[in-house]
Amino acid sequence: MTGRINLLRKSAYLLIFFLWLGAFHASVILAYSELISLWYMPAGVSMAAFLVFGKRAFIPIFLAIWVESFNFSAFFAHGFDPTLLATSVLFSLAHSVPYGIGGLTTRHWLSHFVQKNIPTKIVGLLVIYAVSAALAAFCGLLVWELATENYTNILEDGWFAWWLGDLIGIMVLAPFLCLFLPKLSTYKVPWIDVFYDHDRGMRRSKKQFIGKLILAVLTIIGIFMLDRAVDHPGVAYFVFFVSIPQVWIVFTERTAYASTSLLVITALIAFGVGVFDVADQAITYQFALYITAATSYFAVAVPALVQQNSTLKELAMLDTLTQLPTRWLFKTLVEHVVKSSRPNQSHCIALYNIDNFSRINNDCGYSVGDQVLRESSKIMQNEMRDSEILCRCEHDNFVIFMPNLDLDSAIQRADELRHQLPVLQFDDLILPIRGSFGVVHVQFGESFEQTLERANRAMQNAKHQGRNKVVAIS
Ligand SMILES: Nc1nc2c(ncn2[C@@H]2O[C@H](COP(=O)(O)OP(=O)(O)OP(=O)(O)O)[C@@H](O)[C@H]2O)c(=O)[nH]1
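In this text, all values refer to a predicted model and were calculated from it rather than measured experimentally. Throughout this description, residue numbers start from 1 for each chain and increase along the sequence as written. Per-residue local features are limited, in this predicted model, to residues with pLDDT of at least 70; the limit for side-chain atom pairs, both in listing and counting, is 80 or more; totals at the level of whole chains, interfaces and linings are taken over all residues. With hydrogens and water stripped out, all remaining heavy atoms of the structure feed into the side-chain values.

In this section: the packing of helix α2 (residues 41–53) against helix α5 (residues 82–112). Axis angles are defined between N-to-C directions and span 0 to 180 degrees, where every axis is a line fitted to C-alpha atoms and, for a helix, only to the segment in contact. Numbered from the N terminus, helices here are DSSP runs of H or I no shorter than four residues, and strands are runs of E no shorter than two. One way to put it is that α2 packs onto α5 with a least axis distance of 8 Å and a crossing angle of 45°. Judged by the angle between their axes, α2 and α5 are oblique. For the pair α2 and α5, the sense of crossing is right-handed. Each of P42, A43, S46, M47, F50, L51, V52 and F53 in α2 lies in contact with α5, whose residues at this interface are H95, S96, Y99, G100, G102, G103, L104, T106 and R107. Three categories are distinguished: nonpolar for Ala, Val, Leu, Ile, Met, Phe, Trp, Tyr, Cys and Pro, charged for Asp, Glu, Lys and Arg, and polar for the others, with Gly belonging to the last. Among the residues forming the contact of α2 with α5, the class breakdown is nine nonpolar, seven polar and one charged. Here the angle decides the label: under 35 degrees means roughly parallel, over 145 means roughly antiparallel, 65 to 115 means roughly perpendicular, and every other value means oblique. Whether a crossing is left-handed or right-handed is set by the direction in which the near helix is turned from the far one by less than a right angle, anticlockwise for left-handed and clockwise for right-handed. Throughout, a residue-residue contact means that at least one pair of heavy atoms, one from each residue, lies within 4.5 Å.

This is the structure in structure tokens:
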């Protein structure tokens, strides 16, 4: 088993190495002018590798850049030249060190600041990405300036396009690769879940996702065709509209689909600039790539917040132990019924408390106590009439709303229910559950809390009279 895991991990390092080389050669196609690689994919591979594998990613990344930057033909033609070696090593460090620091900082940020909300996490993530890309661009250009004699002002001319190209590469490719690399490597990266948690509540409709993606793709192709046909620099700006279908996908689809569509949309734009021969507007398209990626990141916060909201709503409405309505929901429903009643309508409330419940907790344990609360409330819930509402008020206190009953009928009904309290059995343990009931009439002009207070007093009277009784106060 351990041998299999080691083999998997070693092959994952090889995969990073070749993935980096593949991404590098794909990016060369996208270098439409000397310093502009519209979408520098190797940066995305490096960041994803450091995010998933931590500092272990350093060696495959370093070696991959070294293989690309070492001038093998000069080496074979003129023999060993220490300058060639030094330049290639410096190039490798200029890329792998900033992304190493960036990846490790991102891991730290996402796994140690769990209490931060999603928008703050995303802002932090983008700042780390932007700083690491800036550092990598600055160091890379500096090494290039040192290594070449036939180009001046490299730093000044190249920093913006290099930085933006790297940043887009990270923003687009890293989330996509973070979906797959952990699966291939057996490394666990639980902190990534913060972006996927809300997916559980979302529907899984591939068809709808593909429909939206096709719409985005057709929009991009349409803009490229227009840009090619009309000789006006302003046409390229239409590409910014692509953020709309992308954000729509992020709002409505699972994060895995949103990362895939970001990759597809930005790849199409990046390669389309060459295919449709509109490279004179490359910087506009590059900026549109960045805006599409950045808005996607911020948009992820929306479905996450929607999910959080519905969880909170559920917590506010349903008691987590018994799944009965909470006191808040009960109050809301009761007040609604009472407010919309005619003056001659009569409603009652019965509050019951399980007798000697703390003894069950003390003698049999808290988890048996929990089971008693769960099982007995399930049985009582099944006894409820359609118009009645049962709620767990707090601890072992339950309240029943009995609409359209006068006090005498409510006392009778409460007594019926008292007899329905079950005898529970847990293995060899037999627990007859008993309860004391307090019944009151809901009085006009009285607040919910006042009614409940009177019901509680009636219940306490039942306790004082020996428990397992129904007592009413008018
Ligand atoms: N197992 C469990 N116990 C709880 C929970 N909430 C409150 N309790 C316990 O419920 C008990 C409530 O006891 P009381 O109702 O005050 O007293 P009692 O033992 O039932 O006695 P009488 O009410 O006088 O019959 C306390 O021991 C609480 O610790 C819960 O969610 N689970």
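Okay, back to it.
Put simply, a residue is near a molecule or strand once any heavy atom of it comes within 4 Å of that molecule or strand. Lining the immediate environment of the ligand, one finds 16 residues, of which N356, F357, S358, N361 and D370 sit closest. Polar contacts, as counted here, are pairs of nitrogen or oxygen atoms within 3.5 Å of one another; within protein the pair requires one atom able to donate a hydrogen and one able to accept it, and residues that are adjacent in sequence qualify only if both atoms are side-chain atoms. Within the contact set of the ligand, an oxygen atom lies 2.8 Å away from a backbone nitrogen or oxygen of N356. In the model, a nitrogen atom of the ligand is placed 3.1 Å from a nitrogen or oxygen of the Y366 main chain. Per-residue and other accessible areas follow the Shrake-Rupley method at a 1.4 Å probe size, with only the shown protein chains counted as cover for residues. Contact with the protein chains removes 71% of the 660 Å² of surface that the ligand exposes when unbound. Mapped by element, the contributors of at least two residues to the shell around the ligand are β3 (348–354), α14 (357–364) and α15 (366–383). Residue contributions to the shell around the ligand peak at four residues, all from α15. Among the residues making up the shell around the ligand, the classes are represented as four nonpolar, six polar and six charged.

Before going further, it helps to spend a moment on a nonpolar patch on the surface. A cluster of nonpolar side chains, L226, V230, F238, F241 and I244, forms an exposed patch at the surface whose accessible area comes to about 470 Å². Relative to the elements of secondary structure, F241 occurs in the loop between α8 (206–229) and α9 (243–252). Only residues whose relative accessible area exceeds 30% and that form no salt bridge are eligible for patches; like-charged ones are grouped when within 9 Å, while nonpolar side chains (Val, Leu, Ile, Met, Phe, Trp, Tyr) are grouped when within 5 Å. What counts as a salt bridge is simple: a side-chain nitrogen of Lys or Arg found within 4 Å of a carboxyl oxygen of Asp or Glu.

At least two DSSP bridges between two strands are required for those strands to pair. In terms of strand pairing, strand β8 (residues 435–441) meets strand β9 (residues 470–473) through four bridges, oriented parallel. Paired with V440 across the bridge in β9 is I473. Clockwise travel from the first strand over the helix to the second, with the strands pointing away from the viewer, marks a crossover as right-handed. With helix α17 (residues 448–464) bridging β8 and its parallel neighbour β9, the resulting β-α-β unit is left-handed.

Here the focus is the pattern of salt bridges. Under the definition given, this model contains 10 salt bridges. With a shortest N-O distance of 3.3 Å, E449 and K331 are connected by a salt bridge. Taken together, the positions of E449 in helix α17 and K331 in helix α13 (residues 327–339) put the pair 118 residues apart, joining distant regions of the chain. Accessible area is worked out with a 1.4 Å probe on protein chains only. A residue is then buried under 20% of its type maximum, exposed over 50%, and partly exposed in between. A relative accessible area of 36% means that E449 is categorised as partly exposed. Judged by its relative accessible area of 25%, K331 is partly exposed. Here E375 and K378 are joined by a salt bridge, their closest N and O atoms 4.0 Å apart. One end of the pair is E375 and the other is K378, both in helix α15 and three residues apart, which spans about a single turn. What makes K378 exposed here is its relative accessible area of 51%.

What follows covers the side chain of N361. Structurally, the position occupied by N361 is in helix α14. N361 sits in the buried class, given a relative accessible area of 17%. The contact partners of N361, leaving out residues within four places of it in the chain, are Y366 and G369.

This part covers the packing of α14 against α15. When two helices pack together, their arrangement is given by the angle between their axes and by how far apart the axes lie. Between α14 and α15, the shortest axis-to-axis distance is 6 Å and the interhelical angle comes to 140°. Considered as vectors, α14 and α15 are oriented oblique to each other. Residue-level contacts link F357, I360, N361 and C364 of α14 to Y366, V368, G369, V372 and L373 of α15. In terms of residue class, the contact of α14 with α15 is made up of seven nonpolar, two polar and no charged.

Attention now moves to the nonpolar core. Among buried residues, the Ala, Val, Leu, Ile, Met, Phe, Trp, Tyr and Cys ones that are joined through side-chain atoms within 4.5 Å form a nonpolar core. With 90 residues, the main nonpolar core has W39, F53, Y129, I269 and Y285 as its most contacted residues. When residues no more than four places from it in sequence are discounted, the contact partners of Y285 are I223, F224, D227, A236, V239, I269, V273 and V278. With 30 residues, the next largest nonpolar core counts V368, V372, F398 and L421 among its residues.

By secondary structure assignment, the location of F195 is in the loop between α7 (154–185) and α8. Residue F195 is classed as buried on the basis of its relative accessible area of 14%. Residues F195 and Y297 lie 102 residues apart in sequence; the distance between their C-alpha atoms is 9.9 Å. Apart from residues lying up to four places away in sequence, F195 is in contact with L110, I122, L125, T255 and V300.

Let us now look at the state of the cysteines. Joining two cysteines, a disulfide is a covalent bond between their sulfur atoms. Any cysteine sulfur atom paired with another within 2.5 Å is treated as part of a disulfide. Enumeration over the complete set of coordinates arrives at zero disulfides. Counting only cysteine sulfurs, C391 is the nearest neighbor of C393, a cysteine outside any disulfide, at a range of 5.1 Å. Accessibility expressed as a relative area gives 14% for C393, which makes it buried.

Between the rings of Phe, Tyr and Trp (Trp by its six-membered ring), a pair exists once the centres lie within 6.5 Å; its type follows the angle of the planes, with under 30 degrees stacked, over 60 edge-to-face, and the other angles tilted. Counting across every chain of the model gives 20 aromatic pairs. Taken together, a centroid distance of 5.1 Å and an interplanar angle of 85° make the contact between F17 and F18 edge-to-face. Residue classification places F17 among the buried positions, given a relative accessible area of 16%. Look at Y237 and F240: their rings are 6.2 Å apart centre to centre, the planes differ by 15°, and that puts the pair in the stacked class. Owing to a relative accessible area of 49%, Y237 belongs among the partly exposed residues under this scheme. Grouped by ring-pair contacts, the aromatic residues W159, F160, W163, F287 and Y290 constitute a single cluster. As a reminder, the over-ring test applies to NZ of lysine and CZ of arginine, requiring each to be within 6 Å of the ring centre and within 35 degrees of the ring normal. Lying across the ring of W248, K212 places its NZ or CZ 5.0 Å from the centre.

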